[in-house]
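Below are the chains, spelled out letter by letter.
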Amino acid sequence: MSTHDFDLFVIGGGSGGVRASRIAAGYGAKVAVAEEHRLGGTCVIRGCVPKKLMMYASQFGMALEDSKGFGWGVPEASHEWQSLIRAKDIEVARLERVYEELLGKAGVEAIKGRATIVGAHEVRVNDVSFTASHILVATGATPDVPEIPGAELMVTSSDVLAMQHAPERVAIVGGGYIACEFAGIFKGLGSKVWMVHRGLKLLRGFDEQVREHIGSELAANDIQMRLANTIVGVERKHNAYLLFLGSGEILEVDQVMAATGRRPNSGSLGLERVGVHVDARGAIPVDSFSRTSCEHIYAVGDVTNRLNLTPVAIHEGQAFADTVFGGMPRRADHEGIPLAVFSQPQVAAVGLTEEQACAIHGRVRVYSSVFRPMRAALSGRNERVLVKLIAEATTERILGAHIVAPDAAEIIQGIAIALKAGATKADFDATLGVHPSVAEEFVTLRNARYSTSRQS
Ligand code: FAD
C-alpha cells in the first residue's frame, strides 16, 4: 500500500489534466488535481469554446448580407458586443461546473491554488504539502507577446475574450491559426482588420497551396494584409494606438492583438529541483508514454509542445492513465490527427502536405480543385473553395487531404476516418457524393498531376 497522500497528483485542471485524473480515479487510484485559475483550462475558459462561440456570432453579419441575394429584405442590423460576452461567459461558467461535477463524481479531489513541486514526491499548494507516488504536469501554455517597445499595450486572445467593447480598428500581429480565427471574428463583428505577419504566407506548416489560397480569401474578405512585415513598436495616441511596422508604415488602431505564439507553462514549477528537463522553449520533453526525465513524473498537453490541441491533450492524458494506472501500456499516437482553423472560410487538413508527401515519398499524385461554391452564385460573394487530395504514386493510398471552405472542419472529420483506415483514391472514387455539397468534390476529383516538389 502507498504511504503517500495520493497515488497521483495532477498539476493543471485543463483538457489533459482532467481526463488523466478521471480515468486514473476510475482505475481505483487516489487522485488530486490542483488548478490555479478555473477548471476546464484553456479550451473551456479562454480557447476553443469561447472562440468558437464568438466565431458563430461573427458569421451572422455575413449571412445577413448574403441573404439579400436570396430575396431577403434586411433592415440595418447592429451587434452588441457586451451581450455576446455576457452570454459567452454564462456558457463558459456552465461548462466549468460540468468539469467540477465530473471530477467530483469520479472521486477526484480538486484543490484550488497554484501548485509547485517541492520534492521528488511532494507538491505544495497554498502552503500545504501533499505527497504522491506519481505527479502529472498538465499546466498548458500562455500567450507570448513579442519583445518590442510598447509590448505591454498589446492584448492577447485571453484579453480579447474578456474585452467589454469591440474595437473599430484592430491590428492582429501573427499569421498562425489564432491570428486567422480572430481576424474573422473581428471582421464579422464589424471591425476594420489588419493582419501583420513577418512571413510571406499565413499558417506556417500547412500545405503551400492552402496557405496561398487562405491568404487570398482573407484579403478578398477585406482583411488588410501586411505580409513579410515586422513590428517595431506600439505607442498610445489618446484613446488609440500607433503600431509601427518595419516597412515604415504606421497603423492607427483601437487595439493591437498579439497572436505570435504560446509559451509552455513550465516556469516556477520546481521542475529543476527534481531533475525534470525542460528544453530551450520551456517545453518538457517526454517519451511516447509521456514520461519526463524523472521516472515517476509525467507531462501531457501543451506543456510538452507536441501538437497543441485539445483532443491531443485529452488523448495523451488518457494514454498516460491507461498506462500507469490501468495496466494497459499505450503510447500517445500523433499520426493522422485532423486539424481545423476556424477562420472564415475555414481551413482543415489531415495527413501530409504536398511538400511533406514529396519529401517522404519522392513522387506523389495530386488532385485538386478550386471552385465557386453554389451559395456564392446568389450571394454574389467573391469566394473560392479549395479541395485537395494527395496520393501515393503507385498504390494511390491517400496521404493527405486539405480543404478551404465554409464548414471545412465538419467535412475533414469523416475524411480523417478514411485516411486512418488506409483509404486509396479508388475508395474515394467508389463512394457516391452527397449532392449538391462542397464535400462531394472529394469523391469526384479526376485530374491528377504528378508532384515531386513545390516551391514555397
Ligand atoms: P490547459 O487546458 O491550458 O490547462 C492547463 C491548466 O493548468 C490551466 O487551467 C492553468 O490555469 C493550470 N495551471 C498552470 N500552472 C499551474 C500551476 N502551477 N498550478 C495549478 N494550476 C496550473 N485546440 C483545439 O483543439 N481546437 C481549437 O479550436 C482550439 N482553439 C484555441 C483557441 C485559442 C484562443 C487558444 C489559446 C487555444 C486553442 N486551442 C484549440 C488549444 C487548446 O486550448 C489547448 O491545446 C488545450 O487546452 C491544452 O490542454 P492542456 O491540458 O495541455 O492545458
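As the structure is a prediction and not an experimental result, all values here were calculated from the model. (Residues numbered from 1 in each chain as written. Predicted model: local features only at pLDDT ≥ 70, side-chain atom pairs only at ≥ 80, totals over all residues. Heavy atoms only, no water.)

J.: What's the story with the site of the ligand in this structure? I'm lost.
T.: Contacts to the ligand come from 38 residues, most closely from Gly16, Glu35, Thr42, Lys51 and Asp302. Here an oxygen atom of the ligand and a side-chain polar atom of Glu35 are 2.6 Å apart. The backbone of Glu36 places a nitrogen or oxygen atom 3.1 Å from a nitrogen atom of the ligand. Looking at the shell around the ligand, the elements that each hand over two or more residues are helix 1 (15–26), strand 2 (31–35), helix 2 (41–46), helix 3 (48–67), helix 6 (177–188) and helix 8 (310–324). The element contributing the most residues to the shell around the ligand is helix 2, with 4 residues. Residues of the shell around the ligand, tallied by class, amount to 14 nonpolar, 16 polar and 8 charged. Two domains each put at least three residues into the shell around the ligand: domain 1 (6–143 + 263–324) and domain 2 (151–260). (Near = heavy atom within 4 Å. Polar contact = N/O pair within 3.5 Å; in protein donor to acceptor, adjacent residues only side chain to side chain. Helix = DSSP H or I, 4+ residues; strand = E, 2+ residues; numbered from the N terminus. Nonpolar A, V, L, I, M, F, W, Y, C, P; charged D, E, K, R; others polar. Domains from an automatic or database assignment.)

J.: Would you explain the packing of helix 1 against helix 8 in this entry?
T.: Helices that pack against each other are described as a pair by the angle of their axes relative to one another and the distance between those axes. Relative to each other, helix 1 and helix 8 sit at 30°, their axes nearing to 7 Å. Put simply, helix 1 runs roughly parallel to helix 8. Like other packed secondary-structure pairs, helix 1 and helix 8 cross with a definite hand, here right-handed. Facing helix 1, whose interface residues are Ser15, Gly16, Arg19, Ala20, Ile23 and Ala24, helix 8 presents Thr310, Ala313, Ile314, Gly317, Gln318, Phe320, Ala321 and Asp322. Residue classes in the contact of helix 1 with helix 8 are distributed as 7 nonpolar, 5 polar and 2 charged. (Axes fitted to C-alpha atoms, helices over the stretch in contact; angles between N-to-C directions. Parallel < 35°, antiparallel > 145°, perpendicular 65-115°, else oblique. Left-handed = near helix turned anticlockwise from the far one by under 90°. Contact = heavy atoms within 4.5 Å.)

J.: Whenever I open this one, the side chain of Gln318 confuses me. Can you help?
T.: Take Gln318: it is sitting in helix 8. Here Gln318 falls in the buried class, since its relative accessible area comes to 17%. A polar side-chain atom of Gln318 sits 2.8 Å from a polar atom in the side chain of Arg19. Sequence-distant contacts of Gln318, defined by excluding residues within four places in its chain, comprise Arg19, Ile23 and Arg330. (Buried < 20%, exposed > 50% of the residue type's maximum accessible area, 1.4 Å probe, protein only.)

J.: What exactly am I supposed to notice about helix 3 here?
T.: Spacing of three or four residues puts side chains on the same side of an α-helix, whose turn is 3.6 residues. An ideal rise of 1.5 Å per residue puts 28 Å on 20 residues; helix 3 measures up with 28 Å between its terminal C-alpha atoms. Pro50, Lys51, Lys52, Met54, Met55, Ala57, Ser58, Asp66 and Ser67 are the residues of helix 3 that are buried. Each element contacted by the buried residues of helix 3 is listed here: helix 2, helix 4 (81–106), helix 6, strand 18 (346–351), helix 10 (374–379) and helix 11 (408–420). (Expected span 1.5 Å × (residues − 1).)

J.: Help me out: how do you make sense of the sheet that holds strand 11 (residues 231–237) in this one?
T.: The pairing of strands in a sheet comes from backbone hydrogen bonds and takes either a parallel or an antiparallel form. A sheet is described by the order of its strands in space; here 3 strands give the open sequence 11-12-13, paired in antiparallel fashion. Both edges of this open sheet fall to strand 11 and strand 13 (250–253), since each of them pairs with a single strand only. Each strand of the sheet is rotated relative to its neighbour by a mean of 20°, with strand direction disregarded. (Pairing = 2+ DSSP bridges.)

J.: Just to check I follow, could you spell out the domain arrangement of the protein chain for this structure?
T.: The accessible area lost on association of the parts is a frequent measure of interface size. The domain boundaries assigned to the protein chain delineate domain 1 (6–143 + 263–324), domain 2 (151–260) and domain 3 (345–452). Look at where the C-alpha atoms of domain 1 and domain 2 centre, and you get two points 26 Å apart. When domain 1 packs against domain 2, close to 1,500 Å² is buried across both sides, 67% of that on carbon and sulfur atoms. On the domain 1 side of the contact with domain 2, Lys51, Ser58 and Trp81 bury the most area, a combined 41% of that side's loss. Run the count over domain 1 and domain 2 and you get 1 salt bridge. Note that Glu181 and Lys51 form a salt bridge whose closest N and O atoms lie 2.8 Å from each other. For the pair domain 1 and domain 2, the number of links is 4 residue pairs in polar contact (both at pLDDT 80 or more). Only helix 3 and helix 4 provide two or more residues apiece to the side of domain 1 that touches domain 2. Per-element accounting of the side of domain 1 that touches domain 2 gives the leading share, 7 residues, to helix 3. Grouping the amino acids of the side of domain 1 that touches domain 2 by side-chain chemistry returns 9 nonpolar, 5 polar and 3 charged. (Buried area = accessible area lost by both parts, 1.4 Å probe. Salt bridge = Lys/Arg side-chain N within 4 Å of Asp/Glu carboxyl O.)

J.: Help me understand the packing of helix 1 against helix 4, please; the structure alone is not making it clear to me.
T.: Two numbers describe how helix 1 lies on helix 4: the axes approach to 9 Å, and their chain directions differ by 25°. By the angle between their axes, helix 1 is roughly parallel relative to helix 4. Seen along the crossing, helix 1 lies across helix 4 with a hand that is left-handed. Two secondary-structure elements touch here, helix 1 through Val18, Ser21, Arg22 and Ala25 and helix 4 through Tyr99, Leu102, Leu103 and Ala106. Here the residues of the contact of helix 1 with helix 4 sort into 6 nonpolar, 1 polar and 1 charged.

J.: Just to check I follow, could you spell out empty space enclosed by the protein for this structure?
T.: Take a probe with the size of a water molecule and roll it over the atoms, and the empty space left behind shows itself. Taken as a whole, this structure holds 1 cavity of 30 Å³ or more when the rule is applied. In this structure, the largest cavity is lined by Ala141, Arg262, Arg263, Pro264, Asp302, Asn305 and Asn308. A total of 3 residues in the lining of the largest cavity trace back to one element, the largest contributor, which is strand 15 (residues 262–264). Per-class residue counts for the lining of the largest cavity are 2 nonpolar, 2 polar and 3 charged. (1 Å grid on protein atoms, 1.4 Å probe; cavity = no way out; pocket = protein on both sides within 12 Å on 5 of 7 lines; lining within 4 Å. Points joined across faces, edges and corners; volume = space filled by probe spheres on them.)

J.: Honestly, the layout of surface pockets in this entry has me stumped. Any pointers?
T.: In this structure, the second largest pocket spans a volume of roughly 810 Å³. Taken together, 34 residues line the second largest pocket, and the ones lying closest to its centre are Pro373, Arg375, Glu383, Pro406 and Asp407. When contributions to the lining of the second largest pocket are tallied by element, the ones reaching two or more residues are helix 3, helix 7 (208–220), helix 10 and helix 11. Ranked by the residues each element gives to the lining of the second largest pocket, the list is headed by helix 3, at 7 residues.

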